[in-house]
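A structural walkthrough
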Amino acid sequence: MQLKSQGTTPLISVSDLSWGIADKTILKSINLQLNAGQFIGLLGPNGAGKSSLLRCLYRYLKPQQGAVFLAGDNIWQISADEFAKNVAVVLQESPSQFNLSVFDVVSLGLTPHKTLFSATNADDKKRIYQAIEQVGLSHHTQQSFDSLSGGEKQRALIARSIVQQPKLLIMDEPTSHLDVKYQIQIMELAKSLDVTVLASFHDLNLAASVCDELLVIDEGQLITQGTPKEVLTEQLLSDVFGVCARVSAHPQSTSFDEFVPHITYYYGYNRQEHQDD
Amino acid sequence: MTDRVRFSLCVCVALVSCFLALSFGAASTSMSDVLHSLISQGSDEFIQRIILQLRMPRMILAFLAGAGLALAGLILQTVTRNPLADPYLFGISSGASFGVVCFISLTGVSFGFSMSIAAFLGSLLSMFLLIGIAGRRHVGQVEAMLLAGVALSFLFSALTSLLLYFSDPQAITAILFWTMGSFSRAEWGTLWIPLTVIIACMTLMIAFRRQLNAMLLGDESAATLGIHAQRFRILMLLLSSLITAVLVAMCGGVGFVGLMIPHIVRYFTSQGSSHNLLMTSLVGGTFMVWVDVLCRTLLTNQELPVGVITAAIGSVFFLSLLYFRKQRR
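Quick caveat: nothing in here was measured; it's all calculated off a predicted structure.

Considerations on the overall build of chain A
When helices and strands are counted, chain A shows 10 helices and 12 strands. Here the C-alpha radius of gyration of chain A, 20 Å, is about what a compact globule of 277 residues would show, namely 19 Å. Overall size of chain A, expressed as C-alpha extent along the three principal axes, is 70 × 45 × 40 Å.

A closer look at the interface of chain B and chain A
With 23 residues of chain B in contact, the opposing surface of chain A contributes 23 residues. Elements that contribute at least two residues to the side of chain B that touches chain A include exactly helix 9 (209-215) and helix 10 (219-223) of chain B. In terms of residue count, the dominant contributor to the side of chain B that touches chain A is helix 9 of chain B (four residues). Its residues placed into classes, the side of chain B that touches chain A shows eight nonpolar, 11 polar and four charged.

A closer look at the pairing of strand 10 (residues 221-226) of chain A
Residue and element names in this part refer to chain A. As judged from the five bridges shared by strand 9 (residues 213-218) and strand 10, these two strands associate in the antiparallel manner. Bridge pairing in strand 10 places Val216 opposite Thr224. If you look at the hairpin formed by strand 9 and strand 10, you'll find two residues sitting between the two strands, and Glu219 has a positive phi there, around 50°.

Things to note about the packing of helix 12 (residues 257-268) of chain B against helix 13 (residues 275-297) of chain B
Residues and elements named next belong to chain B. Here helix 12 crosses helix 13 at 125°, and the two axes come no closer than 9 Å. It follows from the interaxial angle that helix 12 and helix 13 lie oblique. Between helix 12 and helix 13 the crossing geometry is right-handed. Along its contact with helix 12, which presents Val257, Ile261, Pro262, Ile264 and Val265, the element helix 13 presents Asn276, Met279, Thr280, Val283, Gly284, Phe287 and Met288. Grouping the amino acids of the contact of helix 12 with helix 13 by side-chain chemistry returns nine nonpolar, three polar and no charged.

Thoughts on unusual backbone geometry
Residue and element names in this part refer to chain A. One non-glycine residue, Gln165, adopts positive backbone phi at about 50°. Looking at where Gln165 falls in the secondary structure, it is placed in the loop between helix 5 (150-163) and strand 7 (168-171). With 16 C-beta atoms packed within 10 Å, Gln165 lands in the partly exposed category. One non-glycine residue, Glu219, lies in the positive phi region at around 50°. If you trace the backbone, Glu219 turns up in the loop between strand 9 and strand 10.

Some details on the confidence of the model for chain B
Should the pLDDT be low somewhere, the predicted coordinates at that spot are not to be read in detail. In the predicted model, chain B carries a mean pLDDT of 84, and 96% of its residues have values of at least 70. Two numbers describe this predicted complex: its pTM, 0.87, and its ipTM, 0.84.

Notes on the sheet that holds strand 8 (residues 196-200) of chain A
Residues and elements named next belong to chain A. Spatially, six strands are ordered 6-7-8-3-9-10 in an open sheet, and the strand pairing comes out mixed. Every other strand in the sheet has two partners, leaving strand 6 (87-90) and strand 10 as the edge strands with one partner each. Neighbour-to-neighbour, the strand axes of this sheet turn through a mean angle of 15°, independent of strand direction. As defined by bridge partners, strand 7 adjoins strand 8 across four bridges and the pair is classed as parallel. Counterpart to Ile170 in the pairing with strand 8 is Leu198. Contacts between helix 5 and the sheet are confined to strand 6 and strand 7, with strand 6 contributing the most and set at about 175° to the helix.

Details of the UniProt feature "transmembrane region" (unreviewed entry) in chain B
Feature annotation in UniProt assigns "transmembrane region" (unreviewed entry) to the following positions: residues 56-76, 88-107, 113-134, 146-166, 186-208, 234-265 and 306-324 of chain B. Annotation note: span residues 56-76 of chain B, helix share 100%, strand share 0%, distance between end C-alpha atoms 30 Å.

Details of the sheet that holds strand 2 (residues 24-34) of chain A
Residues and elements named next belong to chain A. One open sheet accounts for four strands, arranged 2-1-4-5; its pairing is antiparallel. Among the strands making up the open sheet, the edge pair consists of strand 2 and strand 5 (73-74). As paired elements, strand 1 (residues 12-21) and strand 4 (residues 65-70) share five bridges and run antiparallel to each other. Looking at strand 4, one finds that Ser13 is bridged to Phe69. The strands touched by helix 1 (residues 50-57) are strand 1, strand 2 and strand 4; relative to strand 2, the strand with the most contacts, the crossing angle is about 60°.

Criteria and thresholds
- For every chain, the first residue of the written sequence is number 1, and numbering continues from 1 onward in sequence order.
- Chains carry letters and ligands carry numbers; both start at the beginning, A for chains and 1 for ligands, and go up in the order they are written.
- Residue-level local features of this predicted model are given only where pLDDT is at least 70; pairs of side-chain atoms are given and counted only at 80 or more, and the full residue set underlies all totals for whole chains, interfaces and linings.
- Put simply, DSSP marks the helices as runs of H or I at least four residues long and the strands as runs of E at least two long, and each gets a number from the N terminus on.
- When we talk radius of gyration, it's over C-alpha atoms, and the globule rule is simply 2.2 Å times the number of residues to the 0.38.
- Throughout, a pair of residues is in contact if the C-beta atoms placed from their backbones lie within 7 Å.
- All amino acids are sorted into three groups, where Ala, Val, Leu, Ile, Met, Phe, Trp, Tyr, Cys and Pro are nonpolar, Asp, Glu, Lys and Arg are charged, and the leftover types, Gly among them, are polar.
- Between any two strands, at least two bridges found by DSSP are needed for them to pair.
- A fitted line through C-alpha atoms serves as each axis, taken over the contacting stretch for helices, and the angle formed by two N-to-C directions is quoted from 0 to 180°.
- Angle categories are assigned with fixed cut-offs, so that under 35 degrees is roughly parallel, over 145 is roughly antiparallel, 65 to 115 is roughly perpendicular, and the rest are oblique.
- For any helix crossing, the convention is left-handed if the near helix is rotated counterclockwise from the far helix by under a right angle, and right-handed if that rotation is clockwise.
- Partly exposed residues are those falling between the two cut-offs: more than 12 but fewer than 20 other C-beta atoms within 10 Å of their own, whereas 20 or more means buried and 12 or fewer means exposed, with C-beta atoms placed from the backbone.
- pLDDT measures the predictor's confidence residue by residue and takes values from 0 up to 100.
- UniProt positions are given in the numbering used here, feature names are shortened, and annotations may be inferred rather than shown by experiment.

Right under this line is the structure:
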């Protein structure tokens, strides 16, 4: 049973979720709750099931067991449109050979809100232009989406999700192939939006600095959930990620009690172990 | 140039083209003859008959064929995200040829409206086979659809060749002429069929224009916008097959328009803009009207097959567009 002590339903609640392909189980009875208003990071090594978990959460994969609840409603019992009004998703960039302008891509965010024949009215257009301005692409509005750089494409997709007006924004490794500057830029942009964000990360230090809360999964199981300081310990880095590292306070941290963990990796320890043998 | 200006330009060019096309043909007629016939005042009755009963339905059929095939191509390229997709890639036209050959070899009749029905049934057979095979897939549906389409197309071609091998030379000539396409069978009485189908499909496409655009960014992305991607793709495949089947049944095989026109329009306007759909159909229609004029006038007292001209003009024009586009970037 969920704890409803504060009288609030969690935005997302996952109970006993399992999913797999053929006879291989990818996600093993996951239970978790995400509260509104937070920036939540999902961490885990390659193949841990991060993408599968996110796909179950954004209603692309149907769980074989258990269920996902959005503000108390089972997501498979509400319509796809209704769900899309509440949850927007930014995926890794999808190549397209066709000439869609940035404006067109951003205006796709209206799709779940519009009935079949309804036109894009002046209000909608204003929202689209505002979203484009918010992500800093105003001078690219009529340019072809394909001609943008990787970081600009991700920003255009974020603008699309702004137009979608969701309660929750899910991002599946939105920065994995971008330069450091753009990784920080995209994440800070997402944080500046007034929505709950759930994003998967590769870069643990980036996750530590932008997230309020972290989830760690490994081999399809939820390992831990908590603030970056609670989660990113030297023990966990060794157990889950298989690296030897030292965790210290990031130089920008304001106080020791609420420090942002900063990970320094050690190299060459595998070789050393062999020499010890 | 804004999209609205481009669109208005397309409308004007289409209207002027249709008007001019009426004045070309075997019998020499002037613009004023056309004008007088249209407002039915003070013109020769013979000339008026030529223009209203022969050229006009033919011109309209040509326009509808161009518009319909361009739309069908646009739909298929969008939902399969494949720039090479066109109505003929999915075996619909070879299904139609198969239907016609079956009909001719079974009945010995090689003319008339019943041949169109045979072609239509052949296309439907191929379409249902394709949807039956690819429609059940949920992962990799696009790939299944493209491969099944190509395989079906080869299968029907093989069956057609086999039947032709055992047919008499007269049937072979009839088939050959039919597969190259012609608008000569146009008449007022049957024009409502392609007109209804194309208007219905266009209405649906305008209703689903956001969904169509969303498909361009991938199935998963479309699903996150509340679209049932697989179901939607089957619906769109059904629409484009229906347009193609009707047009192939009425005008025979007119290739290359469905592939080429959407790409040409894409060079000038974003596919997402609301004018793109209408512009694609207008450009397709206008192109076909002029192709038909060439068919009727290039050789005196003889008609060239439409398919030959579309492929010849189309490919040269398309290649030069590709060439100059590469230079510009």
